[in-house]
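Take a look at the letters that make up each chain.
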Amino acid sequence: MKLPLNDSDAKGQQFINLGSDIAATILRTVEAGWALACRSTEVDIDIGEVELTEHLRDGMRIVLDSACYRWFRTMVVLPGTESRSHPKVMVPDGRTDIPILWIEIFLRFREHDPHAIIECKRIAGTNARLCREYVVEGVDRFRTGKYSRKHSAGFMIGYLIGGDEQKAADGINDYLDSKSRSKENLKPSDLVAEPWAWASNHPRDSTSPIDLHHAFLAFTAA
């Protein structure tokens, strides 16, 4: 399993470069955790993002607690927390939905900040407002360095309150196209060959581009 390496783009700080196997493990944990969350009668399209995310977080933790594989046992799903986009920012300027910590990464590199961040949004491909919010209040928080400034990859979850995964990706891509950002369009993931998994790449001013892994979660997962 590939652990992060130093990178000159980090501007003197440790740059976290997750390997594809770690990224795939995070996606699979999200998938399994959501399947457990959907067993609850409380989980439906009418509850808010925060509550949906708490149900997902609980499901992910159950998956990790029951997993027999060593690398699952070194992954920690943290509670949502206020975050600082830069060490010089003394007042938190963001709140991460699901931060991920890897025990091996911490022990080897003494990196105290989350090693991966998952941002969660409600999405429906035919809802232009939600597609815009997915980009402006999700994707662009990674793109601008507000989240994962020292990371080579980030993660986003779209709770499908209408339509399917393809329609969600199409709606998001339509918004990106309207802003002359077609090069950032979502494409099917090359890590997880399933309809819910997508990927995109986005330029950043302060560091190298960031890869985003997207998981579109339907409420029929159970």
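What comes next is a walk through the structure.

Cut-offs and rules
- All residue numbers refer to position in the chain's written sequence, counted from 1.
- Given that this is a predicted model, residues contribute local features only at a pLDDT of at least 70 and side-chain atom pairs are listed and counted only at 80 or more, while totals for whole chains, interfaces and linings are drawn from all residues.
- Only hydrogens and water are removed before side-chain values are computed, so all heavy atoms of the structure are retained for them.
- By nonpolar core is meant a set of buried Ala, Val, Leu, Ile, Met, Phe, Trp, Tyr and Cys residues that side-chain atoms within 4.5 Å join together.
- Under the scheme applied here, a residue whose accessible area is under 20% of the maximum for its type counts as buried, over 50% as exposed, and between as partly exposed, the area being computed with a 1.4 Å probe on protein chains only.
- By the criteria applied, helices consist of DSSP H or I runs no shorter than four residues and strands consist of E runs no shorter than two, each listed in order from the N terminus.
- We define a salt bridge as a side-chain nitrogen of Lys or Arg found within 4 Å of a carboxyl oxygen belonging to Asp or Glu.
- Following DSSP output, two strands are said to pair if at least two bridges run between them.
- For this analysis, residues touch if any pair of their heavy atoms sits within 4.5 Å.
- Between N-to-C directions, angles cover 0 to 180 degrees, with each direction set by a line fitted to C-alpha atoms, over the stretch in contact for helices.

### Topic: the nonpolar core
Among the nonpolar cores identified, the biggest contains 36 residues, and Ile26, Trp34, Ile100 and Ile118 are the most heavily contacted of them. Of all the secondary-structure elements, those providing two or more residues to this core are α1 (20–37), α2 (49–66), β1 (75–77), β4 (98–102), β5 (116–124), β6 (153–162) and β9 (210–217). It is α1 that provides the largest number of residues to this core, a total of seven residues. With 22 residues, the next largest nonpolar core counts Tyr147, Met156, Leu160 and Leu212 among its residues.

### Focus: the pattern of salt bridges
For the coordinates displayed, the defined rule picks out 11 salt bridges. One salt bridge in this structure joins glutamate 119 and lysine 121, with 3.4 Å as the shortest N-O distance. Across the pair, lysine 121 and glutamate 119 agree in class, each one buried. As a salt-bridge pair, glutamate 184 and arginine 181 come within 2.9 Å of each other at their nearest N and O atoms. A relative accessible area of 4% places glutamate 184 in the buried class. One network of salt bridges, with partners in common, ties together Glu119, Lys121, Glu137 and Arg141.

### A word on the sheet that holds strand β7 (residues 187–188)
The seven strands lie next to each other as β1-β4-β5-β6-β9-β8-β7, forming an open sheet whose pairing is mixed. Lying at the two open borders of the sheet, with one neighbouring strand each, are β1 and β7. Of the pairings in the sheet, the one linking β6 to β9 comprises seven bridges and is parallel in character. From the neighbouring strand, glycine 158 faces β9, where its bridge partner is phenylalanine 216. Seen against the sheet, helix α5 (residues 128–143) touches β5, β6, β8 (197–202) and β9 and runs at an angle of roughly 170 degrees to β5.

### Section: unusual backbone geometry
With a phi close to 55 degrees, serine 148 is a non-glycine residue in the positive phi region. Locating serine 148 in the fold gives a position in the loop between α5 and β6. The buried category is assigned to serine 148, whose relative accessible area is 5%. Phi angles above zero are rare outside glycine, and serine 180 is one such case at about 55 degrees. Along the chain, serine 180 turns up in the loop between α6 (165–178) and β7. Classification of serine 180 as exposed rests on a relative accessible area of 70%.

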